Amino acid sequence: MSLDIETILCRAGYMNNYSYLLTDRETGISAIVDPSEAEPVIARCNELGHKPSYILNTHHHFDHTEANLEIKNYYQANVIGAEYDKNRIPGIDETVSDGQFWMLGKSKAEIIRVDGHTIGHILWYFPNDKALFTGDTLFNLCIGGLFEGSAEEMFSSLNKIKNLPGDTLFYPGHEYTLQSLPFALHLNLNNPILQNYITEAQKRLRRGLPAGPIALNTEKQCNPYLMAQTLTEFKQLLNRE
Ligand SMILES: [Zn+2]
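Presented here is a report on the structure given in the accompanying data block. (Residues numbered from 1 in each chain as written. Predicted model: local features only at pLDDT ≥ 70, side-chain atom pairs only at ≥ 80, totals over all residues.)

### Some remarks on the overall build of the chain
So, point 1. Helix and strand counts for the chain stand at 9 helices and 14 strands.
So, point 2. A compact globule built from 241 residues should have a C-alpha radius of gyration of about 18 Å, and the chain, at 17 Å, falls within 12% of that.
So, point 3. Here the C-alpha coordinates of the chain stretch approximately 50 × 40 × 35 Å along the principal axes.
So, point 4. In the chain, which comprises 241 residues, the proportion classed as buried is 45%.
So, point 5. Excluding contacts between residues fewer than 6 apart, the proportion of contacts in the chain whose partners are at least 24 apart in sequence is 59%. (Helix = DSSP H or I, 4+ residues; strand = E, 2+ residues; numbered from the N terminus. Rg over C-alpha atoms; globule rule 2.2 N^0.38 Å. Buried ≥ 20, exposed ≤ 12 C-beta atoms within 10 Å, placed from the backbone. Contact = placed C-beta atoms within 7 Å.)

### Quick notes on the environment of alanine 77
So, point 1. Within the secondary structure, alanine 77 is located in the loop between helix 3 (68–75) and strand 5 (78–82).
So, point 2. Residues alanine 77 and lysine 51, 26 residues apart in the sequence, show an inter-C-alpha distance of 8.5 Å.
So, point 3. The residues touching alanine 77, leaving out its near neighbours within four places in the chain, are Pro52, Ser53, Tyr54, Ile55, Ile71 and Lys72.

### Observations regarding the sheet that holds strand 9 (residues 122–126)
So, point 1. Taken together, the 6 strands give an open sheet; going across it, the order is 7-8-9-10-13-14, and neighbouring strands pair in mixed fashion. Strands with a single pairing partner mark the edges of an open sheet, and in this sheet they are strand 7 (101–104) and strand 14 (214–215).
So, point 2. Two elements, strand 9 and strand 10 (residues 131–135), share 3 bridges in a ladder whose sense is antiparallel. Paired with tryptophan 124 across the strands is phenylalanine 133, a residue of strand 10. (Pairing = 2+ DSSP bridges.)

### Observations regarding the sheet that holds strand 6 (residues 92–96)
So, point 1. The strand order across the open sheet formed by 6 strands is 1-2-3-4-5-6, and the pairing between neighbours is mixed. Looking along the sheet, the strands with just one partner apiece sit at the ends: strand 1 (3–10) and strand 6. The sheet shows a mean angle of 25 degrees between the axes of neighbouring strands, taken without regard to direction.
So, point 2. Direction of pairing for strand 3 (residues 30–33) relative to strand 4 (residues 54–56): parallel, over a ladder of 3 bridges. The residue bridging isoleucine 32 from the neighbouring strand is isoleucine 55, located in strand 4.
So, point 3. Taken strand by strand, helix 1 (residues 38–48) contacts strand 1, strand 2 (17–24) and strand 3, and its axis lies near 140 degrees from that of strand 1.
So, point 4. Docked against the sheet, helix 3 engages strand 3, strand 4 and strand 5, running at close to 160 degrees with respect to strand 4. (Axes fitted to C-alpha atoms, helices over the stretch in contact; angles between N-to-C directions.)

### Here's the deal with the environment of lysine 108
So, point 1. Inspection of the secondary structure puts lysine 108 in strand 8 (residues 107–113).
So, point 2. The class for lysine 108 is partly exposed, based on 17 C-beta atoms found within 10 Å.
So, point 3. Aside from chain neighbours lying at most four places away, what touches lysine 108 is Phe101, Met103, Phe126, Pro127 and Asn128.

### Description of the nonpolar core
So, point 1. One finds Tyr20, Ala31, Val33, Ile55, Ile122, Leu123 and Trp124 to be the most contacted residues of the largest nonpolar core, which totals 61 residues.
So, point 2. Here this core gets 5 residues from one element, more than from any other, and that element is strand 9. (Core = buried A, V, L, I, M, F, W, Y, C linked by C-beta atoms within 7 Å.)

### Re the pairing of strand 1
So, point 1. Across 8 bridges, the pairing between strand 1 and strand 2 is antiparallel. Within strand 2, the position partnered with glutamate 6 by the bridge is leucine 21.

### Things to note about unusual backbone geometry
So, point 1. Backbone torsion omega between glycine 212 and proline 213 reads 5 degrees, so that peptide bond is classified as cis.
So, point 2. As for its position among the elements, proline 213 is in the loop between helix 6 (192–206) and strand 14.
So, point 3. Despite not being glycine, aspartate 34 shows a phi value in the positive range, around 45 degrees.
So, point 4. Here aspartate 34 shows up in the loop between strand 3 and helix 1.
So, point 5. For aspartate 34, a count of 31 C-beta atoms within 10 Å corresponds to the buried category.
So, point 6. Of note in the backbone geometry, leucine 141 takes a positive phi value of approximately 65 degrees without being a glycine.

### Here's the deal with the packing of helix 4 (residues 151–162) against helix 9 (residues 231–240)
So, point 1. Where helix 4 contacts helix 9, the two axes come as close as 10 Å, and the packing angle between them is 115 degrees. By the angle between their directions, the pair helix 4 and helix 9 is classed as roughly perpendicular. For the element pair helix 4 and helix 9, the recorded crossing hand is right-handed. Note on element contacts: helix 9 touches helix 4 through Leu231, Phe234, Lys235 and Leu238, opposite Ala151, Glu152 and Phe155.
So, point 2. In terms of residue class, the contact of helix 4 with helix 9 is made up of 5 nonpolar, no polar and 2 charged. (Parallel < 35°, antiparallel > 145°, perpendicular 65-115°, else oblique. Left-handed = near helix turned anticlockwise from the far one by under 90°. Nonpolar A, V, L, I, M, F, W, Y, C, P; charged D, E, K, R; others polar.)

Following this line, the structure appears as structure tokens:
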């Protein structure tokens, strides 16, 4: 493990976005994932004495990119986003594409394209650190809405996530656990793994911590959208929301 990960809550109390401060331990080089609000991000970075060199975006939505320019100017940071989003991510300097590797100091990220929530949405996957930044594609116990992509595209994107190593921890773009509980429970009332998931998540949330990160293996056994085995099942779930 060469990456330190710090969760920063943004738009607290209304959109509850998560930005993340990633620091490569060996070089001290750091990056911010999806800076949705400048003030809490800058406050936390300054508190920890980090000057992020990069901004890593998962997709173009304003609640993930709105602080790009302010953070970029404040730290002279470079903005990295999907090639597909090159005309709609503020301040973008460098683009990445599906399957490409990108280095944060000595920490290697792999770019995984996941159409569905938007077209061109990407995941930042750090295989050696078993860390996956899922933006608005995968949340605790739910998934992002289909703003641009189809159910088919989202299902195939979720399969890419399901095929990653099960001990990978995922870091979502919003804290939606409590809102997603009733639907997940309704479908899986007697699932002991889900019961334990909920107990632990509630404990952490009460302490002011994020519900996660959760291992993909656990998520696959609790998140109804990951539990859907076929496209037909997946579409049925979308219709029941
Ligand atoms: Zn979004």
